[in-house]
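Below are the chains, spelled out letter by letter.
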Amino acid sequence: MAKASEVKSGNILRFNGELVQVEEFLHRTPGNLRAFYQARMRNIKTSKLVEYRFRTDEEVSICRVETSDYQYLYEDGEYLVVMDNTSFEQFNIPRTLFGESVKFLKEGMNVIIAFESEEPIMAQTPSHVELEITYTEPAVKGDTSTNALKYATVETGVEIKVPMFINQGDKIRVDTRTSEYVERVK
């Protein structure tokens, strides 16, 4: 257990039985009242925002979180199997930890996973991935206007909007956070 004065922004705490990440932690001394710490924290599992006032001598539980790179191997139902790049140990990670960006994962990609006492709590895909276009309609000459877009299917099965000059077989870079086309890869 640690004192509230030892907490910093970015720490992960066990607060009311839940894991929360500290987003903002301010020391306040209002007038002739006692000092306190104002904390804004986000629940890791539900993403709900929690605000709380800690007394300066209040005991808090700071969690030890280990973050490392892993290689995505394959999908196994509701879990994704990943391998530690150094020890070659395999782990089953719930696909819900990856959020919407899981649809862009390809076998062999590197992902970042955070563990708190052998339990995975956060997972993150690369911010940009390179994927091949498996299907798109050919563009008709003269059928363009400023920033004209068409639908294309990438190798993971996701349909995204791409510019008219992109053809089947081209490799493109996609932003996994917004599911948008970034550029064509040579």
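Everything discussed here concerns the structure shown above.
Quick notes on the rules
Residues numbered from 1 in each chain as written. Predicted model: local features only at pLDDT ≥ 70, side-chain atom pairs only at ≥ 80, totals over all residues. Heavy atoms only, no water. Phe/Tyr/Trp six-rings, centres within 6.5 Å; stacked < 30°, edge-to-face > 60°. Helix = DSSP H or I, 4+ residues; strand = E, 2+ residues; numbered from the N terminus. Buried < 20%, exposed > 50% of the residue type's maximum accessible area, 1.4 Å probe, protein only. Pairing = 2+ DSSP bridges. Axes fitted to C-alpha atoms, helices over the stretch in contact; angles between N-to-C directions. Core = buried A, V, L, I, M, F, W, Y, C linked by side-chain atoms within 4.5 Å. Contact = heavy atoms within 4.5 Å. Salt bridge = Lys/Arg side-chain N within 4 Å of Asp/Glu carboxyl O. Polar contact = N/O pair within 3.5 Å; in protein donor to acceptor, adjacent residues only side chain to side chain.

Colleague: Outline the packing of aromatic side chains, listing residues and values.
Modeller: Counted under the stated rule, the structure contains eight aromatic pairs. Taking 5.1 Å as the distance between ring centres and 15 degrees as the angle between the ring planes, the aromatic pair formed by phenylalanine 25 and tyrosine 37 counts as stacked. Here tyrosine 37 lies in strand 4 (residues 36-43) and phenylalanine 25 lies in strand 3 (residues 18-28), a separation of twelve residues in the sequence. With relative accessibility at 14%, the residue phenylalanine 25 sits in the buried group. By relative accessible area, which is 13% here, tyrosine 37 ends up buried. Taken together, Phe15, Phe25, Tyr37, Tyr52 and Phe54 form an aromatic cluster joined through their ring pairs.

Colleague: Account for the sheet that holds strand 12 (residues 128-136), with residues named and values stated.
Modeller: If you walk across this open sheet you meet the five strands as 14-13-12-15-16, and the pairing is antiparallel. Each edge of the open sheet carries a strand with a single partner, namely strand 14 (159-163) and strand 16 (180-185). Each adjacent strand pair in this sheet contributes to an overall mean axis angle of 55 degrees, direction not counted. Alignment of strand 12 against strand 13 (residues 149-154), held across three bridges, turns out to be antiparallel.

Colleague: Run through the nonpolar core, naming residues and quoting values.
Modeller: Among the nonpolar cores identified, the biggest contains 27 residues, and Phe98, Leu105, Ile113, Ile160, Val162 and Ile172 are the most heavily contacted of them. Mapped onto this core, the elements with two or more residues apiece are strand 7 (65-76), strand 8 (79-84), strand 9 (90-94), strand 10 (110-116), strand 12, strand 13, strand 14 and strand 15 (171-175). Setting aside chain neighbours within four positions, we find valine 162 in contact with Ile133, Ala148, Leu149, Lys150, Ala152, Ile172 and Tyr181. Judged by nonpolar contacts, the second largest core, of 13 residues, contains Val22, Ala39, Phe54 and Val60.

Colleague: Residue-level account of the pairing of strand 6 (residues 59-62), with values.
Modeller: Remark: a regular strand shows side chains that alternate across the two faces of the sheet. Pairing of strand 1 (residues 2-3) with strand 6, which is carried by two bridges, proceeds in the antiparallel orientation. Residue pairing across strands places alanine 2 opposite valine 60, the latter belonging to strand 6. Relative to strand 6, strand 2 (residues 12-15) runs antiparallel, the two being bridged by two bridges. Across the sheet, the residue bridging to arginine 14 is serine 61, located in strand 6.

Colleague: So what's going on with the pattern of salt bridges? Which residues, and what values?
Modeller: Per the counting criterion, the structure on display carries 16 salt bridges. Of the charged contacts in the structure, one is a salt bridge between aspartate 57 and arginine 55, with a shortest N-O distance of 3.6 Å. According to the relative accessible area criterion, arginine 55 is exposed, its value standing at 52%. In this structure, the salt-bridge partner of glutamate 66 is arginine 64, at a minimum N-O distance of 3.8 Å. Look at the salt bridges and you will find they share partners, linking Glu23, Glu24, Arg40 and Arg42 into a network.

Colleague: A description of the side chain of serine 101 should follow, citing residues and the corresponding values.
Modeller: Residue placement: serine 101 occurs in the loop between strand 9 and strand 10. Among the polar contacts listed, one links the side chain of serine 101 to the backbone oxygen of phenylalanine 98, at a separation of 3.0 Å. For serine 101, the side chain forms a polar contact with the side chain of threonine 125, separated by 3.0 Å. Not counting residues within four places of it along the chain, the set of residues in contact with serine 101 comprises Thr125 and Thr176.

Colleague: Give a detailed account of the environment of isoleucine 112, specifying residues and quantitative values.
Modeller: Within the secondary structure layout, isoleucine 112 lies in strand 10. Taking relative accessible area as the criterion, isoleucine 112 reaches 33% and is therefore assigned partly exposed. Linking isoleucine 112 and phenylalanine 15, residues 97 residues apart in sequence, is a C-alpha distance of 24 Å.

Colleague: Provide a residue-level description of unusual backbone geometry, including the pertinent values.
Modeller: Note: most residues except glycine have negative phi, and most peptide bonds are trans. Phi is positive for glutamate 118, close to 70 degrees, though the residue is something other than glycine. Following the sequence through the fold, glutamate 118 ends up in the loop between strand 10 and strand 11 (119-124).

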